[in-house]
Amino acid sequence: DEDEDLRRIAQLMLARDLPYPAAQVLEEGLAKKQLKEDAQSFELLSTAWIQARDFDRALEPLRKAADLSTDGKLSIRLGQLYLQREDWAQAEAALRRGLDKGGLSSPADAQVLMGIVLFSAGRLDESLSWFVRAREHAETRDEAVAWIQHIEQQKAAAQAAGG
């Protein structure tokens, strides 16, 4: 019935690939005020729903976890979830919050994600600037260069077509 016990039970269920029951334990613990409403509880609940492939139910706890977190890592994860859902405006907002909060081991992956979001939203010039930033990091250089080439090809084709 205690916070620590409920977290441990949920983590064990997740480790045994039982995400749906883990999510139910966590939701019940939050509803009964047995679990603290902190970033870690909401992150764990979100993780359970993501592993259960229920992305709609993962959004709200992840949003709460990101708001309560002192660094930007969970906001970046929230941006990834919105990107999967093709919600470009929400993805961009979450990624910007994550980058603004900081505390990331490296901003490179977030920069690539921002470039992808803006590209997908049809904002080629803005996306290009994010890929240029990501190109400066060894771990994302190849991916960023591929995106830069793709965008430049699209822009050239549009220009050749008179657009």
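Residues numbered from 1 in each chain as written. Predicted model: local features only at pLDDT ≥ 70, side-chain atom pairs only at ≥ 80, totals over all residues. Heavy atoms only, no water.

Peer 1: Go over the overall build of the protein chain, please, and point to the residues and values.
Peer 2: Helix and strand counts for the protein chain stand at nine helices and zero strands. The order of helices and strands in the protein chain, counted from the N terminus, is α-α-α-α-α-α-α-α-α. With the principal axes as the frame, the protein chain shows a C-alpha extent of 65 × 25 × 25 Å. Among the 163 residues that make up the protein chain, the fraction classed as buried is 39%. Long-range contacts, defined here as pairs at least 24 residues apart, represent 48% of the contacts in the protein chain between residues at least 6 apart. Accessible area for the protein chain stands at about 9100 Å²; split by element, carbon and sulfur atoms hold 47% of it. Here the protein chain contributes 21 positive and 28 negative side-chain charges, whose respective centroids are spaced 1 Å apart. (Helix = DSSP H or I, 4+ residues; strand = E, 2+ residues; numbered from the N terminus. Buried < 20%, exposed > 50% of the residue type's maximum accessible area, 1.4 Å probe, protein only. Contact = heavy atoms within 4.5 Å. Areas by Shrake-Rupley, 256 points an atom, 1.4 Å probe, with all protein chains shown as cover. Lys, Arg positive; Asp, Glu negative; His and termini not counted. Charge placed at Lys NZ, Arg CZ, Asp CG, Glu CD.)

Peer 1: Before we move on, could you go through the side chain of Gln111 and cite the residues and values that matter?
Peer 2: By the element assignment, Gln111 lies in helix α7 (residues 108-120). Taking relative accessible area as the criterion, Gln111 reaches 10% and is therefore assigned buried.

Peer 1: Describe in detail the side chain of Ser46, supporting the description with residues and values.
Peer 2: Looking at where Ser46 falls in the secondary structure, it is placed in helix α3 (residues 39-51). Setting aside its immediate chain neighbours within four residues, Ser46 contacts Ala58, Pro61 and Leu62.

Peer 1: If you had to explain the packing of helix α5 (residues 73-84) against helix α6 (residues 88-101) to someone new, which residues and values would you point to?
Peer 2: The N-to-C vectors of α5 and α6 enclose an angle of 165°; their axes lie 7 Å apart at closest approach. It follows that α5 is roughly antiparallel to α6 by the angle criterion. Relative to α6, the crossing made by α5 is left-handed. In this structure, α5 contributes Ser75, Ile76, Leu78, Gly79, Tyr82 and Leu83 to the contact, and α6 contributes Trp88, Gln90, Ala91, Ala94, Leu95, Arg97, Gly98 and Leu99. Grouping the amino acids of the contact of α5 with α6 by side-chain chemistry returns nine nonpolar, four polar and one charged. (Axes fitted to C-alpha atoms, helices over the stretch in contact; angles between N-to-C directions. Parallel < 35°, antiparallel > 145°, perpendicular 65-115°, else oblique. Left-handed = near helix turned anticlockwise from the far one by under 90°. Nonpolar A, V, L, I, M, F, W, Y, C, P; charged D, E, K, R; others polar.)

Peer 1: Tell me about the environment of Ala94, residues and numbers included.
Peer 2: Turning to its location among the elements, Ala94 is positioned in helix α6. Setting aside residues no more than four positions away along its own chain, Ala94 makes contact with Ser75, Leu78, Gly79 and Tyr82.

Peer 1: Can you break down the nonpolar core residue by residue, with the values?
Peer 2: Counting 42 residues, the largest nonpolar core has Leu26, Leu45, Leu78, Tyr82, Leu95 and Phe131 as its most contacted members. Looking at which element gives the most residues to this core, the answer is α7, with eight residues. What Leu78 contacts, discounting residues up to four positions off in sequence, is Leu59, Leu62, Arg63, Ala66, Ala94 and Arg97. (Core = buried A, V, L, I, M, F, W, Y, C linked by side-chain atoms within 4.5 Å.)

These results come straight from atomic positions and should not be treated as a statement about function.
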